Protein chains: 2
Amino acid sequence: MISNKRRESAKRIRQAAKKLFFTQGYDATTLRQIAFEAGFKVGSLYNHIDSKEDLLLQIMGSVIDDLNERVREAVAAAEGDTIERLRAGLAAHLAFHAERAQEVFIGNTELKSLSEEARSSITQKRLEYESYLGDLIETADAAGLADTIDTKLHVYSFIAQATHIASWYRPDGRLSLEEIVEIYTRFALREIGVFSDN
Amino acid sequence: MISNKRRESAKRIRQAAKKLFFTQGYDATTLRQIAFEAGFKVGSLYNHIDSKEDLLLQIMGSVIDDLNERVREAVAAAEGDTIERLRAGLAAHLAFHAERAQEVFIGNTELKSLSEEARSSITQKRLEYESYLGDLIETADAAGLADTIDTKLHVYSFIAQATHIASWYRPDGRLSLEEIVEIYTRFALREIGVFSDN
DNA sequence: GTCTATATTGCGATAGAC
DNA sequence: GTCTATCGCAATATAGAC
């Protein structure tokens, strides 16, 4: 049971860091603040982390992988034609960015705070994700179900919108998560010229 | 002529700060780096600025005002119907974000680094700008020339895309500024359901 | 107005008692 | 594994010679 306690402490520290990095930024956040928020003294943190950057890496590390997995699963599980698969992928893409807004925001904002090595590994994963979204779009176009303009810019557009959502979404806002996802999905389908009632 | 030299020095310092804040972020940038980049020693900076935050304020301060002015002028100068005016406004909105990418990026990224007072003054200006864009969209819809879905989210969408452009645009990239502006303008008009060949 | 030198503060990280 | 105490360093900002 000792190791469960250890894991809980580490999680509490990550949660505190996530919150503070999100609101203040990585550089402006001190380990003393993180320790206080997690209920520790500074020195104790080092029983659970290697360094401050290690903490940032832990937070950023899983986000891209999870996003990739979530969207691919949604596409695979979708029933219907190419457009339905694309729609399911976009919905998953958008919902993920809202649901995990803080991590997503940190991931998009603090790339510059990582060491060169860590940064390039994450950049590589992002490029692969962009490429996957691009394939979804081109498949729809090739099937004659959409009238795209520029694949790469469509991808950028979808990423920009989702990233932006991560910066303002609140669960108690004017629109529910489902409504936001539905509206932005319609935006996306309109943008790539899908021929149906959107 | 002495005061011209003063102004040039101040400008060099702002330029250096702009570049460094853009690439490293405000907190990660030191006054020593800014001084070096501008060709001064640290102490000399204080003959031209009050503080580090003052420098950030100088940079962020004019961006929103300039954007607002630029877009309103473009709309006023546009010839043609409501859609043409909207199109001109969107093109100015997009071009501004690309042309002044560094300042725009800093303005969108470092709001958290400002003191409460400075931050709220800028937030207020942004809300007014969003409101202006919303009016343009609603006018087109009310004239029966578009089929909008949700005004506020359309505005967010346009801001998200332009902001994103500011983070990747390079003058020597695959697409020229004119091409980027044209493509994103078509995206926008499609998104709000303008009935014409876009 | 620029420089060197320094005051002051607070950071990330470590040592060692309990 | 947590704490207190502290190291070593670099930050913003200031003082005062030139």
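For the structure, check the block above.
All residue numbers refer to position in the chain's written sequence, counted from 1. The order in which chains are written sets their letters, starting at A; the order in which ligands are written sets their numbers, starting at 1. Residue-level local features of this predicted model are given only where pLDDT is at least 70; pairs of side-chain atoms are given and counted only at 80 or more, and the full residue set underlies all totals for whole chains, interfaces and linings. Computation of side-chain values covers all heavy atoms of the structure but excludes hydrogens and water.

Draft legend 1. Representation of the protein's contact with DNA strand C in the model. It suffices for a single heavy atom of a residue to lie within 4 Å of a molecule or strand for the residue to be listed as near it. Near DNA strand C lie 14 residues; those nearest to it are Tyr46 of chain A together with Lys41, Ser44, Asn47 and His48 of chain B. Sugar and phosphate atoms represent 68% of those atoms of DNA strand C found within 4 Å of the protein. Note that a phosphate oxygen of DNA strand C is positioned 2.7 Å from one of the side-chain N or O atoms of Tyr46 of chain A. Pairing of N or O atoms within 3.5 Å defines a polar contact, subject to two protein rules: one partner must be a possible hydrogen donor and the other a possible acceptor, and residues neighboring in sequence count only if both atoms are side-chain atoms. Taking His48 of chain B, its side chain carries an N or O atom lying 2.9 Å from a phosphate oxygen of DNA strand C. Charged residues are taken to be Asp, Glu, Lys and Arg, nonpolar residues to be Ala, Val, Leu, Ile, Met, Phe, Trp, Tyr, Cys and Pro, and polar residues to be all remaining types, Gly included. In the surface near DNA strand C, the residues fall into three nonpolar, seven polar and four charged.

Draft legend 2. Region of interest: the packing of aromatic side chains. Stacked, tilted and edge-to-face are the three classes applied to pairs of Phe, Tyr and Trp rings, where Trp contributes its six-membered ring and a pair requires centres within 6.5 Å; stacked means planes under 30 degrees apart, edge-to-face means over 60, and tilted covers the rest. For the coordinates displayed, the defined rule picks out eight aromatic pairs over all chains. Ring centres 5.2 Å apart and planes at 65 degrees place the aromatic pair Phe21 of chain A and Tyr26 of chain A in the edge-to-face group. The buried label goes to any residue with under 20% of its type's maximum accessible area, the exposed label to any with over 50%, and the partly exposed label to all in between, with areas taken from a 1.4 Å probe on protein chains only. Overall, the relative accessible area of 8% leaves Tyr26 of chain A in the buried class. Ring centres of Tyr184 of chain B and Phe187 of chain B lie 5.2 Å apart, and the angle between their planes is 65 degrees; this geometry places the pair in the edge-to-face category. Separated by three residues within a single helix, Tyr184 of chain B and Phe187 of chain B lie in helix H9 (residues 177–191), roughly one turn from each other. Every helix listed is a DSSP run of H or I at least four residues long, and every strand listed is a run of E at least two residues long, numbered separately from the N terminus.

Draft legend 3. The interface of chain B and chain A, seen in detail. A contact between two residues is defined here by any heavy atoms of the two lying within 4.5 Å. Listed as interface residues are 30 residues of chain B and, on the opposing side, 30 residues of chain A. Accessible area, probed at 1.4 Å, shrinks when two parts are joined; the buried area is that loss added up over both. Interface of chain B and chain A: buried area, both sides summed, is about 2,600 Å²; carbon and sulfur atoms make up 66% of it. Linking chain B to chain A there are 10 residue pairs in polar contact (both at pLDDT 80 or more). The set of elements that each furnish at least two residues to the side of chain B that touches chain A consists of helix H1 (2–24), helix H8 (151–168) and H9 of chain B. It is H8 of chain B that contributes the most residues to the side of chain B that touches chain A, 10 residues altogether.

Draft legend 4. Examining helix H5 (residues 82–99) of chain A more closely. All names here are of chain A. With 18 residues, H5 should cover 26 Å at 1.5 Å per step; its first-to-last C-alpha distance of 26 Å lies within 8% of that length. Listed in full, the buried residues belonging to H5 are Ile83, Leu86, Gly89, Leu90, Ala92, His93, Leu94, Ala95, Phe96, His97 and Ala98. Against helix H4 (52–77), helix H6 (101–109), helix H7 (116–142), helix H8 (151–168) and helix H9 (177–191) lie the buried residues of H5. Two or three places before Ile83, at the opening of H5, Asp81 has a side-chain oxygen 3.1 Å from that residue's backbone nitrogen. To estimate how far a helix should reach, multiply one less than its number of residues by 1.5 Å.

Draft legend 5. Layout of the relation of the copies chain B and chain A. Least squares is the method for superposing the copies, and the C-alpha atoms it fits come from residues with pLDDT of at least 70 in both. When chain B is fitted to chain A, the best match, at an RMSD of 0.0 Å, comes from turning it 180 degrees and sliding it 0.0 Å along the axis. When the rotation and shift are considered jointly, the pair of chain copies conforms to a two-fold rotation axis. A share of 100% of the interface residues of chain B reappears at the interface of chain A, consistent with the copies meeting face to face through the same patch.

Draft legend 6. Spotlight on the nonpolar core. What makes a nonpolar core is a set of buried Ala, Val, Leu, Ile, Met, Phe, Trp, Tyr and Cys residues whose side-chain atoms join them at distances within 4.5 Å. Ranked by size, the top nonpolar core spans 27 residues in total, and within it Val71, Leu86 and Ile192 of chain B carry the most contacts. Among the secondary structure elements, those contributing two or more residues to this core are helix H4 (52–77), helix H5 (82–99), helix H6 (101–109), helix H7 (116–142), H8 and H9 of chain B. With six residues, the top contributor of residues to this core is H7 of chain B. The residues touching Leu86 of chain B, leaving out its near neighbours within four places in the chain, are Leu136, Ala140, Leu189 and Ile192 of chain B. Among the nonpolar cores identified, the runner-up in size contains 26 residues, and Ile83, Leu86, Ile137 and Phe158 of chain A belong to it.

Draft legend 7. Expanded view of the environment of Leu20 of chain B. All names here are of chain B. By secondary structure assignment, the location of Leu20 is in helix H1. Accessibility expressed as a relative area gives 9% for Leu20, which makes it buried. Distance in space between the C-alpha atoms of Leu20 and Gln102 is 9.7 Å, their sequence separation being 82 residues. When sequence neighbours within four positions are dropped, the list of residues in contact with Leu20 reads Gly25, Thr29, Gln33, Ile34 and Glu37.

Draft legend 8. Molecular detail of the protein's contact with DNA strand D. With respect to spatial proximity, 15 residues lie near DNA strand D, and among them Ser44, Asn47 and His48 of chain A together with Arg32 and Tyr46 of chain B are the closest. Expressed as a percentage, the sugar and phosphate content of the atoms of DNA strand D within 4 Å of the protein is 69%. Backbone polar atom of Leu31 of chain B to a phosphate oxygen of DNA strand D: 3.1 Å apart, as the coordinates give it. Looking at the surface near DNA strand D, the elements that each hand over two or more residues are helix H1 (2–24) of chain A together with helix H2 (31–38) of chain B. The class makeup of the residues in the surface near DNA strand D is three nonpolar, eight polar and four charged.

Draft legend 9. The pattern of salt bridges, seen in detail. Any Lys or Arg side-chain nitrogen found within 4 Å of a carboxyl oxygen on Asp or Glu counts as a salt bridge. This structure, assessed with the given rule, holds 22 salt bridges over all chains. Residues Arg100 of chain A and Glu103 of chain A are paired through a salt bridge, measuring 2.8 Å at the closest nitrogen-oxygen approach. Between Lys112 of chain B and Glu110 of chain B there is a salt bridge, and its shortest N-O distance comes to 3.8 Å. For Lys112 of chain B, a relative accessible area of 27% gives the class partly exposed. On the accessibility criterion, Glu110 of chain B (3% relative accessible area) is buried. Through salt bridges that share partners, Lys18, Asp66, Arg100 and Glu103 of chain A make up one connected network.

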